[in-house]
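# Chain and residue survey
Residues per chain are reported as follows:
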Amino acid sequence: MPEMLRRSVVNFTPPVVLIALVRLLRVTLGVHFPTVLVAFLAVLSVPVVYVLRIRLRRLRVRWALARTGTILPPSWDTEYFGNRDLLKYFLQQFKTGYIGDGPWEKIDELGHLHAITIFGDTTYLTNDANVVKTILATDFSDFEKGAEFRDSMNSVLGTGVFNADGELWKFHRQMTRPYFSRDRITHFEIFDRHADLAIRKMKERFKGGHAVDFQDLISRFTLDSASEFLFGTCVNSLKSDLPYAYNDPIAPKFAREPSAADKFSTAFQGAQHVIAMRTREGWTWHWWELWQDKSAEHMRVVDSFLQPILEEATAKKHATKALDGTGEHKVDESETLLDHLVKITNDPVILHDEMLNILIAGRDTTAATLTFVVYLMCLYPDVFRRLRAEILEKVGPTQMPSFDDVRNMKYLRAVINETLRLYPIVPFNFRVAVRDTTLPNPADPAGPRVFIPANTGIAYSVFLMHRRKDYWGPDALSFDPDRWIDERLNKYFTANPFIFVPFNAGPRICLGQQACHFAYNEMSFFLIRLAQNFSHMELDLSAQPPDARPPPEWASAEGQKGKEKIIPKCHLTLYVHGGLWVKMTEAERDA
């Protein structure tokens, strides 16, 4: 635990120095101090020096403000020492509140860039597009994930592309990016095979009058698809039985030993939940896991699946040389990402971490988006009818879509974009200033810039930014795909593209624009197949677990929050608490 070790060294240096000084005085000058006094001063030195460091840091910041003519953002402070009550409140809201509750509640009152300090550690919060643009693009080199973030993610993400900074990040990016450089027809063939199995399982359940947890099913689809095109080996999670709703009469009889795929999927999600909670607890997570790494058991299951695949790929690479006469790494049409990576490195740690990072991205981003698309189609049946009409017109009731088909369906793209606007996959993200720098001032764009000291974290919320009325118009809180087609597109988004960043932005954008295009292709493909096979879909709210139903007070909220029938949550990515239980009507086919 390097970050905990660093903090321990810093915090316990004062008593160690004090005790060493006392010992030195006794040996050299014969001066003796009572043991109780020494112990008392040693303990007291920790908080005293801690407070002194905070005061010195604030003094340095004041000097910097005077020197640069900048200002600090407004701060959320309470009457309790260290704002300790805020940490407890934030963790409680994370567990029970709506997305954006907790630290973000005063964004309108304090401004679109403000600060929260807990026990001396300051974090800036923003949902301002110009600030986000500065962090992700304009001043990209001034910000990184940061040591604390990397430390909290390390037991799961390791040194992979989503947990790397600087030269290591560049290495991972350059290593992975060529694989996503163009469309591959083999990907659509993989999607079609797994989509066919997923839809058949749905039809079987619906015919029996049972609801289906679409979130569970689509997570299986994306896991199977991603594992096959990334590793060349399918997890086959769709071959396991789907779960039944808690209130289904069959549910008590449905007791079976989890399959290897079930265990992998459960462990995969469990590990992500652990590291997500660490980011909310701040550096204090080390104390909760002092005797046990909470992600370790999950990762043992994940690694037991990954390791044989990595070893097989490495052995295959040694058997067949993959370099051409010029020494360049070719990307063949039929090769998997793992095939591509083993051409570049034999390092088992790099291969393991990179594949796991890409698997998380390939599975969770698509699964989350498709879950919320289907949720919204259930809430807005007119939108689904219009979407289905476009799909049947452009592709037909049975034909497999092509890349051109996907590109030509404007309403399909509008539905996906509008879903990503209201429910972005990664609703909150984080960066750390690597040096003293400045940010735009949302409260006064023409006034002095805002100073952000080195090593200060800044959290930014795409979720809240995507719902701002001054960015998207008076109906910003409502679901309306037409905003991506009518005059509002040019009025809002085209005029300020950084108000919509569902796949990040700047140099760290989703492994380049092509990888984003890849994600759109997979989502579009499954939605096309879904609309070809089902003519109606609806939520089965009775199947929703009691603890997964929105509290009554949400109903009075404006916009989408007031219409929620489920509870959206997030760990690293967005998901529906308790699953998305639906029923669908199978489409009639002409004889």
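Here's what I pulled together on the structure shown here. Just so you know, these numbers come straight off a predicted model, no measurement behind them.

Calculation criteria
Residues numbered from 1 in each chain as written. Predicted model: local features only at pLDDT ≥ 70, side-chain atom pairs only at ≥ 80, totals over all residues. Heavy atoms only, no water. Helix = DSSP H or I, 4+ residues; strand = E, 2+ residues; numbered from the N terminus. Rg over C-alpha atoms; globule rule 2.2 N^0.38 Å. Buried < 20%, exposed > 50% of the residue type's maximum accessible area, 1.4 Å probe, protein only. Areas by Shrake-Rupley, 256 points an atom, 1.4 Å probe, with all protein chains shown as cover. Lys, Arg positive; Asp, Glu negative; His and termini not counted. Charge placed at Lys NZ, Arg CZ, Asp CG, Glu CD. Pairing = 2+ DSSP bridges. Contact = heavy atoms within 4.5 Å. Axes fitted to C-alpha atoms, helices over the stretch in contact; angles between N-to-C directions. Phe/Tyr/Trp six-rings, centres within 6.5 Å; stacked < 30°, edge-to-face > 60°. Lys NZ or Arg CZ within 6 Å of the ring centre and 35° of its normal. Salt bridge = Lys/Arg side-chain N within 4 Å of Asp/Glu carboxyl O. Patch = residues over 30% accessible without salt bridge, like charges linked within 9 Å, V, L, I, M, F, W, Y side chains within 5 Å. Expected span 1.5 Å × (residues − 1). Polar contact = N/O pair within 3.5 Å; in protein donor to acceptor, adjacent residues only side chain to side chain. Core = buried A, V, L, I, M, F, W, Y, C linked by side-chain atoms within 4.5 Å. Parallel < 35°, antiparallel > 145°, perpendicular 65-115°, else oblique. Nonpolar A, V, L, I, M, F, W, Y, C, P; charged D, E, K, R; others polar.

Per the secondary structure count, the protein chain includes 22 helices and 13 strands. Expected size for 591 residues packed as a compact globule is a radius of gyration near 25 Å; at 26 Å, the protein chain falls within 12% of this value. Structurally, the protein chain occupies a C-alpha span of about 105 × 60 × 60 Å along its principal axes. The burial tally for the protein chain puts 52% of its 591 residues in the buried class. On the protein chain, roughly 27,100 Å² of surface is accessible, and the fraction owed to carbon and sulfur atoms is 58%. Put simply, the protein chain has 70 plus and 71 minus side-chain charges, and the middle of one group is 4 Å from the middle of the other.

This brings us to the sheet that holds strand E5 (residues 212–213). Strand order in the open sheet made by the three strands is E5-E13-E10, with antiparallel pairing throughout. Single-partner strands in this sheet number two, and they are E5 and strand E10 (534–539). In this sheet, strand E13 (residues 581–586) lies alongside E5 in antiparallel orientation, the contact comprising two bridges. Across the sheet, Asp 213 pairs through a bridge with Trp 581, a residue of E13. The strands touched by helix H14 (residues 348–379) within the sheet are E10 and E13, with E10 carrying the most contacts at an inclination of about 90 degrees.

We now examine the packing of aromatic side chains. One pass over the structure, following the stated rule, counts 27 aromatic pairs. Summarising the aromatic geometry, the rings of Tyr 98 and Phe 463 are spaced 6.3 Å apart at their centres and angled 65 degrees between planes, so their arrangement reads as edge-to-face. Highlighted residues: Tyr 98 in the loop between helix H3 (84–96) and helix H4 (107–110) and Phe 463 in helix H18 (residues 462–465), separated in sequence by 365 residues. Grouping residues by exposure puts Tyr 98 and Phe 463 together as buried. The aromatic ring of Tyr 520 is capped on one face by Arg 413, whose charged end is 3.6 Å from the ring centroid. Positioned above the aromatic ring of Tyr 471, the side-chain terminus of Arg 468 is 4.0 Å from the ring centre.

A separate point is the pattern of salt bridges. In total, this model carries 27 salt bridges according to the counting rule given. In this structure, the salt-bridge partner of Arg 60 is Asp 436, at a minimum N-O distance of 3.0 Å. Note that Arg 60 is positioned in helix H2 (residues 35–68) and Asp 436 in the loop between strand E6 (428–433) and strand E7 (437–439), a separation of 376 residues in sequence. Here Glu 558 ties to Lys 469 by a salt bridge, and the two come within 2.6 Å at their closest N and O atoms. Of this pair, Glu 558 sits in the loop between E10 and helix H22 (560–563) while Lys 469 sits in helix H19 (residues 469–472), and the two are 89 residues apart along the sequence. A relative accessible area of 39% places Lys 469 in the partly exposed class. The structure contains a network of salt bridges with shared partners spanning Glu 418, Arg 421, Asp 475, Asp 480, Arg 483, Asp 486 and Arg 488.

This paragraph deals with the sheet that holds strand E4 (residues 143–144). Sheet architecture is open: six strands sit in the order E1-E2-E3-E9-E6-E4, paired in mixed fashion. The open sheet has two edge strands, strand E1 (75–76) and E4, and neither has a second partner. Where strand E2 (residues 113–118) and strand E3 (residues 121–126) come together, six bridges link them in antiparallel fashion. Directly across from Ile 116, in E3, lies its bridge partner Thr 123. In the packing of H3 onto the sheet, the strands contacted are E1 and E2, and the crossing angle to E2 comes to about 110 degrees. Docked against the sheet, helix H5 (residues 129–138) engages E2, E3, E4, E6 and strand E9 (457–461), running at close to 120 degrees with respect to E9.

Turning to the environment of Leu 136, a few remarks are in order. Of note, Leu 136 is situated in helix H5. Spatially, the C-alpha atoms of Leu 136 and Gly 506 are 5.2 Å apart, while their sequence positions differ by 370 residues.

On to a nonpolar patch on the surface. Taken together, the side chains of Leu 29, Val 31, Phe 33, Leu 37, Phe 40, Leu 41, Leu 44, Val 48 and Leu 52 make up a nonpolar region of the molecular surface, amounting to roughly 780 Å² of accessible area. Of note, Leu 29 is situated in the loop between helix H1 (2–28) and H2.

Moving on to a positive patch on the surface. The grouping of Arg 55, Arg 57, Arg 58 and Arg 62 at the surface amounts to a positive patch. Here Arg 58 shows up in helix H2. Relative accessible area serves as the criterion here: at 48%, Arg 58 is assigned to the partly exposed category.

Further remarks concern H14. An α-helix turns once every 3.6 residues. As a result, residues three or four positions apart point the same way. In this model H14 runs 46 Å from its N-terminal to its C-terminal C-alpha over 32 residues, within 8% of the 46 Å that 1.5 Å per residue would give. Extensive coverage of H14 is indicated by the burial of 28 of its 32 residues. By the N-cap criterion, in which a side-chain oxygen at the helix start approaches the backbone nitrogen of a residue two or three places on, H14 is capped by Asp 347, the distance to Val 349 being 2.9 Å.

Inspection of the secondary structure assignment puts Thr 456 in the loop between strand E8 (450–452) and E9. Looking at Thr 456, the relative accessible area reads 8%, which means it is buried. A polar atom in the side chain of Thr 456 sits 3.0 Å from the backbone oxygen of Pro 453. Each residue touching Thr 456, except ones within four places of it in the same chain, is listed here: Thr 122, Tyr 124, Arg 431, Val 432 and Ala 433.

Let us now look at the nonpolar core. If you look at the biggest cluster of nonpolar residues, it comprises 151 residues, and the most contacted ones within it are Phe 214, Met 377, Leu 439, Phe 526 and Met 584. If you tally residues by element for this core, the top one is H14, at 17 residues. Setting aside its immediate chain neighbours within four residues, Phe 214 contacts Met 202, Leu 370, Thr 371, Val 374, Phe 526, Leu 530, Leu 580, Val 582 and Met 584.

On to helix H17 (residues 410–422), then. Taking 1.5 Å of rise per residue, the 13 residues of H17 would be expected to cover 18 Å, and the 18 Å separating its terminal C-alpha atoms lies within 8% of that figure. Along H17, eleven of the 13 residues are buried, which leaves the element largely enclosed by surrounding structure.

A few words now on the packing of helix H7 (residues 166–176) against H14. Where H7 meets H14, the axes come as close as 12 Å, and the angle between the chain directions of the two elements is 70 degrees. Between H7 and H14, the interaxial angle falls into the category roughly perpendicular. Contacts from Phe 171, His 172, Met 175 and Thr 176 in H7 reach Ile 350, Glu 354 and Ile 358 in H14. Here the residues of the contact of H7 with H14 are counted per class, giving four nonpolar, two polar and one charged.

Contact geometry of H14 with helix H15 (residues 381–394) gives a least axis separation of 5 Å together with a crossing angle of 110 degrees. Accordingly, the angle class assigned to the pair H14 and H15 is roughly perpendicular. Residue-level inspection shows Met 377, Cys 378 and Leu 379 of H14 in contact with H15, the latter providing Pro 381, Val 383, Phe 384 and Leu 387. The residue makeup of the contact of H14 with H15, split by class, is seven nonpolar, no polar and no charged.

Tracing the chain through its elements places Thr 437 in strand E7. Relative accessible area serves as the criterion here: at 10%, Thr 437 is assigned to the buried category. Discounting chain neighbours no more than four positions away, the residues touching Thr 437 are Asp 139, Asp 142, Phe 143, Val 450, Phe 451 and Ile 452.

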